[in-house]
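Here are the chains, one letter per residue:
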Amino acid sequence: MLTVDIEKTYGNFHLRAAFQAEEEALALLGASGCGKSLTLKCIAGIERPDRGRIELDGRVLFDSAAGVNLPPQRRRVGYLFQQYALFPHMTAEQNIAAGMGREGSRDQRRRTAELMARLRLEDCAGKRPRQLSGGQQQRVALARILAADPEVILLDEPLSALDSHLKWQLELELHRLLASFGKTALWVSHDLGEVFRSCRRVCVLDRGVSSSVMEMETLLEAPGTVSAARLSSCRNIAEVRPAGEGRIQVPAWGVTLGCTAPWRSEATHVGVRSRHIRLGTAEEENAVPCRMVQVLRDVDTDLLLLQPEGAREDAPPLHVEVPRGAAPSAERVTAVLPPERLLPLAE
Amino acid sequence: MMRRGGWFPLVCGLMTLAALALVGSNVAVIAVRGLKSLPACLVQPEVRFALGLSVKSACISTALCFLLAAPTAYTLTRTALPGRRAAEMVLELTMSLPYIVLGLSMLILFSSPAGKWLKEAGFPVVFHQNGVILAQLVVNLPFAVRLCAAAFRGVDRKLECTAGLLGASPAQQFFTVLLPLSKNALISAVILVWSRALGEFGATLMLVGVTRMKTETLPGSIYLAVSTNNLDAALASAFLLLVLSALSLTAASLLGRSSEKRSRYV
């Protein structure tokens, strides 16, 4: 189990990360510049937090109060850098063996061979990193991490800046690895889609502040904050004012909407996912008459951009997802925002 | 070949010819006249002694220089040393100082009671061959630190971090990652520093003077030969220096080329 509770100030950026990861793959989700990588670097010991405590399976890695700050080489933390950081002057085999430190050479050779077989790298043993494909490079980096027998693996945006085919292959690779690892792994990403399939739980970082750890499903069904809703690709978010009797007023869209439950007072915004809005008639509850602005063809749906009749000039259009070919040709349509689909969001 | 309105390239071309003539004529004089008087001079024990002392002291001072410069450059580029800026400024300043000034300050330092104590302890510096090595060392040290620091800065810190996370101690990170990855740049630096040591004269003259068969290096030999009006001997020594410079230049450019070929890692 990894327990992190740290603070660090970097210029005018303030990081305040507190979360706990079990023996699981935990996603650390946040927009770029929110302090995800800094959090990982603090755990690895590359950066020193100003205050706080980091504990891994009962071992204290960092404790500002007790004056404990283990150097990286004693933390047993595996770190997968974005560009893998393979040693360019060593072969794939030497890179992997570098993770093992000073063991008996025969044992070392046996374990290197095992890892290379496990990650299907037998053909790459004598090659330098620059001679390897992106996928092979990542596998060598993973084998090197496993060779060091870490207690936790940190993945720093492992799939960003890759083309989609390679990305999918590497994601499958990582998925397999994490499933068999059996210890804690932290996967940092700005893309929910990337981590959704491999991590069951997620911690959202927003401008340096971490949320509580939640189930992936919770992030989709009740994200709770504006930033979490944005990260889970909720496209329709607007500020609200309570209008009494379980109703809310949305000035940007110029409407008042009914909710299923009393509106939580700390929720300053409302979110509605584009696939939860449907087209209906003016008689239905939460019907919003709109003007069609644009129809975009998505990969397997159509995306309608609608301007509510009473909307403010500067309000972003409502995004509505309909099945491919179901986009109406009418100039005016009625969007229905089902009360049970309204997400209360705190700023 | 001249294009329309191309007077500027033409003028620059003529300037280039003038510059080459100015520099090249010097090389030519030493190459032609030095080569002629070389056989006669090489049999003289003084010239052979100067050649030996020059090569020997340059080798020793270069080795000592990098023994100090590499850890210094490591400290300057890889640790959060307080007062790093001040240290860098001291090094920069000595680099731009005339070497004769450095020689003068060393003469004063080693003539002090501390210097005399060193002499009694069996390490004489002033008017001694040790001084030749020391002068070359002090003159080249700031230069070597700068070259080493540039070499170390060219290596991605992330790789050392990675080695650290894999369990390598700072010493292991230095010897297995930083040093191999800056190897080519360091080899060129060694060659450059060695050839500078070979040509060192100003500081050496101040600290040890030039005494025949005792503290006579090749540059010192030229100085002595000219002051005794023996131009042939001066040219022979100059020719030897020219050959040594050419050799080290060739070695440096060969190694430099191989480092350019080295592709950027992933």
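The sections below set out a description of the structure shown in this document. No experiment lies behind these values; they were computed from the predicted model shown. (Residues numbered from 1 in each chain as written. Chains lettered and ligands numbered in written order. Predicted model: local features only at pLDDT ≥ 70, side-chain atom pairs only at ≥ 80, totals over all residues. Heavy atoms only, no water.)

Things to note about the packing of helix H6 (residues 129-153) of chain B against helix H9 (residues 183-199) of chain B
All names here are of chain B.
Here is step 1: Where H6 meets H9, the axes come as close as 10 Å, and the angle between the chain directions of the two elements is 165°. In terms of axis orientation, H6 runs roughly antiparallel to H9. Crossing handedness for the pair H6 and H9: right-handed. Residues Gln136, Val139, Asn140, Phe143, Ala144, Leu147, Cys148, Ala151 and Phe152 of H6 touch H9, and the partners they reach there are Ala185, Leu186, Ala189, Leu192, Val193, Arg196 and Ala197.
Here is step 2: The residue inventory of the contact of H6 with H9, partitioned by class, reads 13 nonpolar, two polar and one charged. (Axes fitted to C-alpha atoms, helices over the stretch in contact; angles between N-to-C directions. Helix = DSSP H or I, 4+ residues; strand = E, 2+ residues; numbered from the N terminus. Parallel < 35°, antiparallel > 145°, perpendicular 65-115°, else oblique. Left-handed = near helix turned anticlockwise from the far one by under 90°. Contact = heavy atoms within 4.5 Å. Nonpolar A, V, L, I, M, F, W, Y, C, P; charged D, E, K, R; others polar.)

Quick notes on the packing of aromatic side chains
Here is step 1: Under the definition given, this model contains six aromatic pairs over all chains.
Here is step 2: Relative to B:Phe8, the ring of B:Trp7 has its centre 5.8 Å away and its plane inclined at 90°; by these criteria the two rings are edge-to-face.
Here is step 3: Consider the rings of B:Phe201 and B:Tyr223, whose centres lie 5.4 Å apart with planes at 50°: the pair is tilted. Remark: B:Tyr223 occurs in helix H11 (residues 218-227) and B:Phe201 occurs in the loop between H9 and helix H10 (202-208); sequence separation between them is 22 residues.
Here is step 4: Of the aromatic side chains, those joined through ring pairs into one cluster are B:Tyr74, B:Phe152, B:Phe174 and B:Phe175.
Here is step 5: A cation sits over an aromatic face here: A:Arg144 above A:Phe87, 4.7 Å from the ring centre.
Here is step 6: Cation over ring: B:Arg196 sits above B:Phe143, and NZ or CZ is 3.8 Å from the ring centre. (Phe/Tyr/Trp six-rings, centres within 6.5 Å; stacked < 30°, edge-to-face > 60°. Lys NZ or Arg CZ within 6 Å of the ring centre and 35° of its normal.)

With respect to a nonpolar patch on the surface
Here is step 1: Taken together, the side chains of B:Trp7, B:Phe8, B:Val11 and B:Met15 make up a nonpolar region of the molecular surface, amounting to roughly 470 Å² of accessible area.
Here is step 2: Tracing the backbone through its elements, the reader meets B:Phe8 in helix H1 (residues 7-42). (Patch = residues over 30% accessible without salt bridge, like charges linked within 9 Å, V, L, I, M, F, W, Y side chains within 5 Å. Areas by Shrake-Rupley, 256 points an atom, 1.4 Å probe, with all protein chains shown as cover. Salt bridge = Lys/Arg side-chain N within 4 Å of Asp/Glu carboxyl O.)

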